[in-house]
Amino acid sequence: MKIIVCVKRTPDTTTQIRVKPDKSGIEQDIEWILNPYDELAVEEALKLKEKNGGIVTAISLDPDANNSVLRRCLAMGVDEACLLKGGKNYDSYSVAKLLADEIKQREYNLVLFGKQAIDDDNYQVPSMVATLLDVPWVSVVTKVEVNGDSVCATRQIEGGEEIMETKFPCVISCQRGLNEPRYPSLKGIMLAKKKEIPVKEIASLPESVAVTGHEAPSPRPPGRIVGEGSGAVKELVRLLKEEAKVL
Ligand SMILES: Cc1cc2nc3c(=O)[nH]c(=O)nc-3n(C[C@H](O)[C@H](O)[C@H](O)COP(=O)(O)OP(=O)(O)OC[C@H]3O[C@@H](n4cnc5c(N)ncnc54)[C@H](O)[C@@H]3O)c2cc1C
């Protein structure tokens with residue numbers, strides 16, 4: 001079985017994000033991690049390989065040619081990695097087109113994604129890649145079962161689950177609950193350090209959507225004590241009605 005996993009570098013969830021003074025993006029001197037939903041996709045690829053045999057390839061598109069998330073994938077047990085280096089400011093369609101162009105040059109049964117990237121939260125790349133590859137797509141998947149040349153995927157829907165079956169090749173995007181991603185072993189980390197990660201320079205595409213600015217959320221106003229005991233209730237209700245306008 002040939003499995004491709006698309007992985008993105010995202011800011012660590014605990015990092016303090018700062019917007020650049022010119023509002024063109026965020027300051028880059030922060031901690032970066034493998035997008036947590038992509039970690040689920042990597043784990044699932046490894047589990048499928050352990051059960052059915054095959055090869056797992058991780059692909060990442062990164063404007064700075066930073067290969068740290070691909071090193072982590074290799075340390076987890078991925079067989080090979082490929083880094084696509086392109087211009088900055090790509091929108092979801094450009095990301096999908098560049099990934100799909102790379103995937104088309106490879107043999108694959110299954111392409112795995114996270115359901116979303118936790119920084120931009122667009123949820124768009126997997127569906128666009130599936131469309132560009134002209135293969136079926138199942139999203140927000142919490143269980144994957146392979147039966148010969150087809151795959152049965154359970155997906156989360158409002159108030160229940162939906163079970164879908166499709167033939168390979170196909171695209172699946174992964175949701176929390178699918179598995180528990182493994183920690184890389186020391187041996188895995190050492191082996192990953194030695195592996196070569198090919199870098200492909202790719203031409204940027206014209207933007208179909210441009211980000212025109214970034215704003216940090218306005219700081220929360222400080223809390224206010226309006227009084228004590230039952231005597232404060234009247235004033236609290238007035239403030240909730242007239243200032244906060246939540247009643
Ligand atoms: C390090 C970095 C810096 C960036 N800086 C800027 C910037 O300054 N300004 C700007 O406009 N845009 C920038 N981009 C592009 C932008 O952040 C998004 O990649 C793009 O809009 C796609 O949206 P999304 O990440 O929300 O994708 P979603 O559709 O939410 O992602 C879903 C899934 O698609 C896959 N995926 C998404 N992106 C990639 C990728 N690059 N490589 C491999 N798989 C991927 C992952 O499996 C992910 O879980 C940057 C991207 C990266 C990786």
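As the structure is a computational prediction, the values presented were derived from the model and not from experiment.

Caption draft 1: Looking closely at the state of the cysteines. For the coordinates displayed, the defined rule picks out zero disulfides. In this structure Cys 82 is a free cysteine whose sulfur lies 10 Å from that of Cys 6, the closest cysteine sulfur available. Cysteine Cys 174 shares no disulfide, and the gap to the nearest cysteine sulfur, in Cys 170, comes to 11 Å.

Caption draft 2: Local environment of the side chain of Asp 91. Mapped onto the fold, Asp 91 is located in the loop between β5 (80–85) and α3 (92–104). Of the side chains bearing the opposite charge, Lys 97 lies closest to the buried Asp 91, which forms no salt bridge; the N-O distance is 12 Å. One polar contact links Asp 91 to Ser 94, side chain to side chain, over a distance of 2.9 Å. There is a polar contact of 2.8 Å between the side chain of Asp 91 and the side chain of Ser 208.

Caption draft 3: Examining a nonpolar patch on the surface more closely. On the surface, a cluster of nonpolar side chains totalling about 560 Å² of accessible area is made up of Val 226, Val 233, Leu 236, Val 237, Leu 240, Val 246 and Leu 247. By the element assignment, Val 226 lies in the loop between β11 (199–201) and α6 (233–242).

Caption draft 4: Region of interest: α3. In this model, α3 (13 residues) spans 18 Å end to end at C-alpha, consistent with the 18 Å of a helix rising 1.5 Å per residue. Taken residue by residue, α3 has Ser 92, Ser 94, Val 95, Ala 96, Leu 98, Leu 99, Ala 100, Glu 102 and Ile 103 as its buried positions. Packed against the buried residues of α3 are β1 (2–6), β4 (55–61), β5, β6 (110–114), α4 (125–133) and β11. The distance from a side-chain oxygen at the start of α3 to the backbone nitrogen of Tyr 93 is 3.1 Å, and the residue carrying that oxygen is Asp 91.

Caption draft 5: Representation of the pattern of salt bridges. Following the criterion strictly, the structure yields 20 salt bridges and no others. The salt bridge involving Asp 62 is made with Arg 9; its shortest N-O contact spans 2.7 Å. Placement of Asp 62 in the loop between β4 and α2 (68–76) and of Arg 9 in strand β2 (residues 9–11) is noted, with a sequence separation of 53 residues between them. Just as Asp 62 is buried, Arg 9 falls in that class too. The closest approach of N and O atoms between Arg 9 and Asp 64, which form a salt bridge, is 3.4 Å. You can see Arg 9 sitting in strand β2 and its partner Asp 64 sitting in the loop between β4 and α2, a full 55 residues away along the chain. Since its relative accessible area comes to 9%, Arg 9 is described here as buried. The class of Asp 64 is partly exposed, set by a relative accessible area of 36%. What emerges from the salt-bridge pattern is a single network uniting Glu 80, Glu 102, Arg 106 and Lys 200.

Caption draft 6: Seen up close, the pairing of β5. For β4 and β5, the ladder comprises five bridges, and the chain directions are parallel. When the sheet's bridge partners are listed, Thr 57 is paired in β5 with Glu 80. A crossover connection joins β4 to the parallel β5 through α2; in handedness this β-α-β unit is right-handed. Summarising the sheet, β5 and β11 pair through three bridges and their orientation is parallel. Bridging across to β11, Leu 83 finds its partner in Val 199.

Caption draft 7: Inspection of the pairing of strand β7 (residues 137–147) at higher detail. Summarising the sheet, β7 and strand β10 (residues 170–174) pair through three bridges and their orientation is parallel. What sits directly across from Trp 137, in β10, is Val 171. Across six bridges, β7 lies against strand β8 (residues 150–157) in antiparallel orientation. The residue bridging Asn 147 from the neighbouring strand is Ser 150, located in β8. Remark: two residues form the turn of the hairpin made by β7 and β8, two consecutive strands paired antiparallel; Gly 148 in that turn has positive phi of roughly 60 degrees.

Caption draft 8: Quick peek at helix α1 (residues 36–52). In a regular helix each residue adds 1.5 Å, so 17 residues correspond to 24 Å; α1 covers 25 Å between its end C-alpha atoms and thus fits that length. The positive-phi residue at the C-terminal boundary of α1 is Gly 53, with phi of around 80 degrees.

Caption draft 9: Examining the domain arrangement of the chain more closely. When the domains of the chain are assigned, the result is domain 1 (2–201) and domain 2 (220–247). Each of domain 1 and domain 2 was reduced to a C-alpha centroid, and the two centroids are 47 Å apart.

Parameters at a glance
Residues numbered from 1 in each chain as written. Predicted model: local features only at pLDDT ≥ 70, side-chain atom pairs only at ≥ 80, totals over all residues. Heavy atoms only, no water. Disulfide = S-S within 2.5 Å. Helix = DSSP H or I, 4+ residues; strand = E, 2+ residues; numbered from the N terminus. Buried < 20%, exposed > 50% of the residue type's maximum accessible area, 1.4 Å probe, protein only. Lys, Arg positive; Asp, Glu negative; His and termini not counted. Salt bridge = Lys/Arg side-chain N within 4 Å of Asp/Glu carboxyl O. Polar contact = N/O pair within 3.5 Å; in protein donor to acceptor, adjacent residues only side chain to side chain. Patch = residues over 30% accessible without salt bridge, like charges linked within 9 Å, V, L, I, M, F, W, Y side chains within 5 Å. Areas by Shrake-Rupley, 256 points an atom, 1.4 Å probe, with all protein chains shown as cover. Expected span 1.5 Å × (residues − 1). Contact = heavy atoms within 4.5 Å. Pairing = 2+ DSSP bridges. Right-handed = clockwise from strand over helix to strand, strands pointing away. Domains from an automatic or database assignment.

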